[in-house]
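# Residue-level structural notes
One-letter residues, chain by chain:
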Amino acid sequence: MDYPMTALNFKVGWGDSTSSFSEVSGLTMETETVEYRGGAHPEQTVRKMPGLRKYGSVTLKRGIVPAAGNGLFAWFDQVQSGGDFRRVVTVSLCNEQQEIVMTWTMKSAWPVKLEGPGLKGTGTDVAIESLEFAHEGITVTIP
């Protein structure tokens, strides 16, 4: 019997870098609907056709580990300084044996928001940083 995949095993990579994240959200693809009706059309309804594709921003979240270094800040700084800051970002869903079963590939991705953790003197929560990035399209592959 085939069971649905769990969402707890995944890998994230961009360019030559990979990192561990606790959460990925926003892997959305949408096609706008274009409505059209010619004046001589005998039916009193509009025809619906596919329009432009839209892709939402993707958000990555992870616990801060200072000793591991942070390529996210360097990538975010590249956007302000110009140059080649767009990268391919992949999110790969893995099975229990850590084998990739599905990959979302975002082209021309770049960070638009980097958010530090909410800090609280009486809290015991993990310090979570968040990266939001824009991109120009998603392709989904299943090996």
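The paragraphs below set out a description of the structure included in this document. As the structure is a prediction and not an experimental result, all values here were calculated from the model. (Residues numbered from 1 in each chain as written. Predicted model: local features only at pLDDT ≥ 70, side-chain atom pairs only at ≥ 80, totals over all residues. Heavy atoms only, no water.)

### Focus on the overall build of the protein
Keep this limit in mind: Secondary structure is summarised from DSSP: a helix means a run of H or I of at least four residues, a strand means a run of E of at least two, and numbering begins at the N terminus for each. In this treatment the radius of gyration is a C-alpha quantity, and the globule benchmark scales as 2.2 Å times the residue count to the 0.38 power. Between buried and exposed lies partly exposed: a residue is buried under 20% and exposed over 50% of the maximum accessible area for its type, with that area taken using a 1.4 Å probe on protein chains only. Between two residues, a contact is recorded if the distance between any of their heavy atoms is within 4.5 Å. For the area figures, the Shrake-Rupley method with a 1.4 Å probe applies, and any residue is considered shielded solely by the protein chains shown. Here Asp and Glu are counted as negative and Lys and Arg as positive; His is not counted, and neither are the chain ends. Throughout, a charge is located at the NZ atom of Lys, the CZ atom of Arg, the CG atom of Asp or the CD atom of Glu.
Each helix and strand in the protein was counted, giving one helix and ten strands. Along the chain direction, N to C, the helices and strands of the protein fall in the order β-β-β-β-β-β-α-β-β-β-β. Here the C-alpha atoms of the protein give a radius of gyration of 20 Å, more than 25% beyond the 15 Å that 2.2 N^0.38 yields for 143 residues. Summarising its shape, the C-alpha atoms of the protein cover approximately 70 × 50 × 35 Å along the three principal directions. Looking at the protein as a whole, 24% of its 143 residues qualify as buried. Counting only contacts in the protein whose residues sit at least 6 apart along the sequence, the fraction spanning at least 24 positions is 61%. Carbon and sulfur atoms provide 53% of the accessible area of the protein, an area that totals close to 9,900 Å². Separation between the mean location of the 13 positive side-chain charges and that of the 16 negative ones in the protein comes to 6 Å.

### Some remarks on the pairing of strand 8 (residues 100-115)
Put simply, the rule is: Paired strands, as defined in this entry, are two strands with at least two bridges between them according to DSSP.
Sheet topology places strand 7 (residues 87-94) next to strand 8; seven bridges connect them, and they run antiparallel. Along strand 8, the bridge assignment pairs Leu-93 with Met-102. A loop of five residues connects strand 7 with strand 8, the two strands running antiparallel in sequence, and Gln-98 in this loop sits at a positive phi of about 65 degrees. The pairing of strand 8 with strand 10 (residues 138-141) spans four bridges and is classified as antiparallel. Pairing of Thr-103 across the sheet is with Thr-141, part of strand 10. Both strand 8 and strand 9 (residues 128-134) contribute to a ladder of five bridges, which runs antiparallel. Within the sheet, the bridge partner assigned to Trp-110 lies in strand 9 and is Ala-134.

### Examining the layout of surface pockets
The cut-off we apply is this: Only protein atoms enter the 1 Å grid used here, on which a cavity is any set of points holding a 1.4 Å probe that cannot leave and a pocket is any open set flanked by protein within 12 Å on both sides along at least five of seven lines; residues with an atom within 4 Å of a point are listed as lining. Grid points are joined across faces, edges and corners, and a volume is the space filled by probe spheres set on the points. Side-chain classes are defined by residue name, with Ala, Val, Leu, Ile, Met, Phe, Trp, Tyr, Cys and Pro counting as nonpolar, Asp, Glu, Lys and Arg as charged, and the others, Gly among them, as polar.
Put simply, the largest pocket is a space of about 160 Å³. Contributing to the lining of the largest pocket are Pro-117, Gly-118, Leu-119, Lys-120, Gly-123, Thr-124, Asp-125, Val-126, Ala-127 and Ile-128. Residues of the lining of the largest pocket, tallied by class, amount to five nonpolar, three polar and two charged.

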